[in-house]
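# Architecture and fold: a report
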Amino acid sequence: MTTTAHAFAAPSADAPFAPFSFERRDLLADDVAIDILFCGVCHSDLHTARGEWGSVNYPCVPGHEIVGRVSAVGSDVTKFAVGDLAGVGCMVDSCGHCPSCTDGEEQYCETTGFVGTYDAPDTRSGGYTFGGYSDHIVVKQDFVLKVGHDEADLAAVAPLLCAGITTYSPLHHWKVGPGQKVGIVGLGGLGHMGVKIAKAMGADVYVFSTSPSKREDAKRLGATDLIVSKDETAMGEHANSFDFILNTVAASHDLDPFLNLLKRDGTMTLVGVPETPHPSPSIGAMVFKRRSIAGSLIGGIQETQEMLDFCVKHGLTADIEMIDIQNIDTAYDRMIKSDVKYRFVIDMESLKAA
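Right, let's walk through the structure included here. Note that the structure is a prediction, hence the values are computed from the model and not measured.

Let's shift gears to helix α5 (residues 189–200). Counting along an α-helix, one turn takes 3.6 residues, and residues three or four places apart therefore face a common direction. In this model α5 runs 17 Å from its N-terminal to its C-terminal C-alpha over 12 residues, within 8% of the 16 Å that 1.5 Å per residue would give. For α5, the full list of buried residues reads Gly 189, Leu 190, Gly 191, His 192, Met 193, Gly 194, Val 195, Lys 196, Ile 197 and Ala 198. Tucked inside the fold, the buried residues of α5 contact α4 (163–173), β10 (181–185), β11 (204–209), α6 (215–221), α10 (301–314) and β17 (343–347). Backbone geometry just after α5 places Gly 202 at a positive phi near 105°.

Moving on, we get to the pattern of salt bridges. Counted according to the given criterion, the structure contains 19 salt bridges. With its nearest N and O atoms 3.0 Å apart, the salt bridge here joins Asp 30 to Arg 124. Taken together, the residues span a long stretch of sequence, with Asp 30 in the loop between β2 (18–25) and β3 (31–40) and Arg 124 in the loop between β7 (115–116) and β8 (136–140) at a distance of 94 residues. You can call Arg 124 partly exposed: its relative accessible area is 27%. As a salt-bridge pair, Asp 31 and Arg 124 come within 2.8 Å of each other at their nearest N and O atoms. With a gap of 93 residues between them, Asp 31 in strand β3 and Arg 124 in the loop between β7 and β8 connect regions that are remote in the sequence. It is possible to trace a salt-bridge network through shared partners that takes in Lys 196, Asp 217, Arg 220, Asp 319 and Lys 341.

Glancing now at the pairing of strand β5 (residues 85–88). Neither face of β5 is left uncovered, since the one carrying Leu 85 and Gly 87 and the one carrying Ala 86 and Val 88 both have all their residues buried. Two elements, strand β4 (residues 66–73) and β5, share 4 bridges in a ladder whose sense is antiparallel. Bridged to Arg 69 within β5 is Leu 85. Pairing analysis gives 2 bridges linking β5 to strand β9 (residues 145–146), with the strands arranged antiparallel. Counted as the bridge partner of Ala 86 is Lys 146 from β9.

Parameters at a glance
Residues numbered from 1 in each chain as written. Predicted model: local features only at pLDDT ≥ 70, side-chain atom pairs only at ≥ 80, totals over all residues. Heavy atoms only, no water. Helix = DSSP H or I, 4+ residues; strand = E, 2+ residues; numbered from the N terminus. Expected span 1.5 Å × (residues − 1). Buried < 20%, exposed > 50% of the residue type's maximum accessible area, 1.4 Å probe, protein only. Contact = heavy atoms within 4.5 Å. Salt bridge = Lys/Arg side-chain N within 4 Å of Asp/Glu carboxyl O. Pairing = 2+ DSSP bridges.

Below, the structure is given as structure tokens:
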């Protein structure tokens, strides 16, 4: 037995979103069913729906920043009860037995790779997965997160399931904390959460941007200042002074100006994946200061729960703009122009009007 889900889907790479219905599986013993209340809109949604990352299964229902209320649980579920607030992030399954999975780092699953919340082979039902631009979802309990924020904040919690964990994970892994000087490259959906989280960890935070007009907003979010990355004098004033830099920019750009800001043994971690490779960094800039360039994906389920709890403790949510599902194509066009502060979130109540 299955349940009919109502959604908005991209029929093809160049067609607008349209109403779409499909069948969600009936609950397995360890499944949790969630009525989706809000779903954040990630750049990954756009790239996937518009076919910019290669082969896509159409119709495609994106969405991996999901918050809602538990509507039913399987017979073996112990972590959730009907009525609980819950979240689902970027993955809904993994092999469960490789070294990464057993270490709680399911995002680096070495056997099958993690199962994405949308447009990934569905290991439980067959076919491929459909995401959060829908009215409900059924997910294995081990990949469901507990949401401890007040219900009034739920819409602004949704982006934490991707933007929040994508920035928290490297900041946590590289042990950012009090007394450290930390840089965030880019002030968008990821960058604004990076500023908030690094500040809450106790770091002295600076934003790097090509837009000086973002200075006051950077300070509002918790940064000490904004450094215009094209201003060589301003950049030079901070040479050899940063402990850690989180680079959230997904466009190809010269990494050397940021490398030169790192102290000896400093690290710059990249979380944005450009369509074309970055220019090769200066090996000398790395060798003579023992600097590192690293990469980071999302976080495992345990770390994602830790991030959500951290955000509850420090009162952190995303800065959002709420939209109706019917306006998703317009939202995508605005995202391309960086015309959002800082994350679109879909009010799934609007799906009922479709």
